[in-house]
Amino acid sequence: MSEPIILLDKVNKWYGAFHVLKDVSMSVGKGEKVVVCGPSGSGKSTVIRCINRLEEHQKGRILVNGVELTGDVKQIERIRKDVGMVFQSFNLFPHLTVLENLTLAPNWVRNTPMKEATETAMHYLERVRIPEQANKYPGQLSGGQQQRVAIARALCMKPEVMLFDEPTSALDPEMIKEVLDVMVGLAHEGMTMVCVTHEMGFARTVADRMVFMAEGQIVETAPPAEFFAAPKTERARQFLGQILGH
Amino acid sequence: MSDNASHAPKTASEIASHVEEPSQAELHTHRRNAFAALGWARENLFSSIPNTILTILSVTLLVWAVPPLLDWMLLKATFLSEDPAACREAGGACWSFVTVKHRFILFGLYPYDEHWRPLLAMGLFIAALAVSCDSRFWNKRILYVWALALPLCGLLMWGGWFGLTFVPNDKWGGLPLTLILATLGIVLAFPLSVLLALGRRSDMPAIRAICVGYIETVRGVPLVSVLFMASIMFPLFLPEGVTIDKLLRAQLGIMLFTAAYLAEAVRGGLQALPKGQYEAADALGLSYWQKTRLIILPQALRLVIPPIVNQFISCFKDTSLVIIIGLYDLLTTAKTALADPSWRAFYVESYVFAALIYFLFCFFMSRYSQYLERRLNAGLKR
């Protein structure tokens, strides 16, 4: 396997006395798609939020592209440039137009000239199939459209890795597909992806590896075919029974 | 074409009916309007028994209060006579007092023959303020405007160049003084307050402690005592021979005081923003100051326009407290104008005049903030 882009080595995190992450270790190689699943409160969101330091880990090591995440602000900003993130609640900037949302970070963080940033932005808006919304404000778009803009916004930074934190959980059912379609397309193009999601159909289609978490620990790691057909642990069997059972 | 022709009236009776129709319709609308007015009255003024009682009470109050007020203000008022006796005779408001004393009230102890200078400076100042309110100037141009306006105002007020006699700033007074104290106080306090609010939410304990300490201390004391300290205690700490101008000290006092209050309003806006906005900006790799300038403040500040303007208005009126350190602001000159024994009786007129000026400025700020809110939120409608 090539040099991993993301490496977590015995990562531990506490919220006060509550031990959220217990010795979490995993590595993600270039082009790999990893889906993290597990019951709520299992720490799966916390793990991926540690990867770009939205959460701070207290013990263990996290390396992104060979750079270790420490308290060093410059280091953190360097890593964040290369790691795109898509949130459950979109988090578009409501006071900026869609186009401004997309060009802001490339322009300010990567110092891309505005003209070039705009071209890139339009390219990705076409990729997520809403170029006609470029001059609207996020508040004027539907949830699905907003999430697609959020994906485009992350892509405009030309990241090495994309993190998805339950990207479809806040969407109305009829809008989930349009977002998943974009994500599947992205996966087929070879983007390295770490997704926290409950969309098991999506996981089956694109994941190279399933990571199942419970109570702050990685309980099971397996290719999706194996994981869905014959989960090794009782905890995973239970979880799959609950979410696939109806 | 052929269609139009077929619709054109052909016989005399048809033409007549065409002529009649509008007049009938007009009659109809008249009648409808009358009904609508009655309907409106019934719906809004007499819809229930309590509402009817309130309507009757309000009308009674108006009938009782308005005619005497008009009588005093206008009908029996004296406007131009320069003799106080004429006022006493007429029995109404003595606006003559304002006619006679307005230059002292507006410009204080500024040399009488030079009053055109503060007048011009004030005009310039207000024009620069007006221009700053226009969003088309919210770029580098606003800096040019002020870079031109402020030195010019200073030149007019102080003089000493170009054949203008020098007027030391302890002779300044009235409206120019109030405007300078309030505007500079607000304009300088605002950036400081943003820094204080950001500092209070900082991760760095030392910065947070300083900001919390500053805000809580300044908020905990009255402006009067801040001004007193600035004017009486502060000079005691200065080395011998060093003096800082009294006006400057008052200006600093007002600014530092206003900043502490404003900071809390700004902090309210910072806290009202969803955490996701901070996280999204972080995740894109924006630095702290980029995030703050581009994402956080533009949203946070528009959320808190009402309390900020509240504070601006309050600051504008609080400048009148500089009376206690002997500066002649607008309210002080209005009061001092009454020292003239022959006009002493007309204090109501003097204060009404000053109040009117305060009201004009505060009312404008209030209206402008409403316009600003509408304008800035135009794109955010959900």
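Residues numbered from 1 in each chain as written. Chains lettered and ligands numbered in written order. Predicted model: local features only at pLDDT ≥ 70, side-chain atom pairs only at ≥ 80, totals over all residues. Heavy atoms only, no water.

Participant: Which residues make up the sheet that holds strand S7 (residues 161–165) of chain A, and what values go with them?
Facilitator: All names here are of chain A. The strand order across the open sheet built from 6 strands is S6-S7-S8-S3-S9-S10, with neighbouring strands paired in mixed fashion. In this open sheet, the two edge strands, each paired with only one partner strand, are strand S6 (83–86) and strand S10 (217–222). Going across the sheet, the axis of each strand differs from the next one's by a mean of 20 degrees, ignoring polarity. Note that strand S9 (residues 209–214) and S10 share 5 bridges and pair antiparallel. Across the sheet, residue Met210 finds its bridge partner in S10, namely Ala222. Across the sheet, helix H9 (residues 234–244) is in contact with strand S3 (33–37), S9 and S10; its angle to S9 comes to roughly 100 degrees. (Pairing = 2+ DSSP bridges. Helix = DSSP H or I, 4+ residues; strand = E, 2+ residues; numbered from the N terminus. Axes fitted to C-alpha atoms, helices over the stretch in contact; angles between N-to-C directions. Contact = heavy atoms within 4.5 Å.)

Participant: Just give me the short version of the domain arrangement of chain B, but keep the residues and values in it.
Facilitator: Here chain B is described as being made up of domain 1 (24–75), domain 2 (111–166) and domain 3 (172–375). Look at where the C-alpha atoms of domain 1 of chain B and domain 3 of chain B centre, and you get two points 43 Å apart. (Domains from an automatic or database assignment.)

Participant: So, the interface of chain B and chain A: which residues are in play, and what are the values?
Facilitator: With 24 residues of chain B at the interface, the matching set in chain A holds 22 residues. In total, about 2,100 Å² of surface goes out of reach between chain B and chain A, with carbon and sulfur atoms giving 63% of it. Sorting the residues of chain B by area buried against chain A places Glu279, Ala283 and Leu284 of chain B first, and these three jointly supply 27% of that buried surface. Taken together, chain B and chain A are joined by 2 salt bridges. When the shortest N-O distance is used, the salt bridge between Arg49 of chain A and Glu279 of chain B registers 2.5 Å. Connecting chain B to chain A are 6 residue pairs in polar contact (both at pLDDT 80 or more). For the side of chain B that touches chain A, the secondary-structure elements that each account for two or more residues are helix H12 (275–283) and helix H13 (288–303) of chain B. (Buried area = accessible area lost by both parts, 1.4 Å probe. Salt bridge = Lys/Arg side-chain N within 4 Å of Asp/Glu carboxyl O. Polar contact = N/O pair within 3.5 Å; in protein donor to acceptor, adjacent residues only side chain to side chain.)

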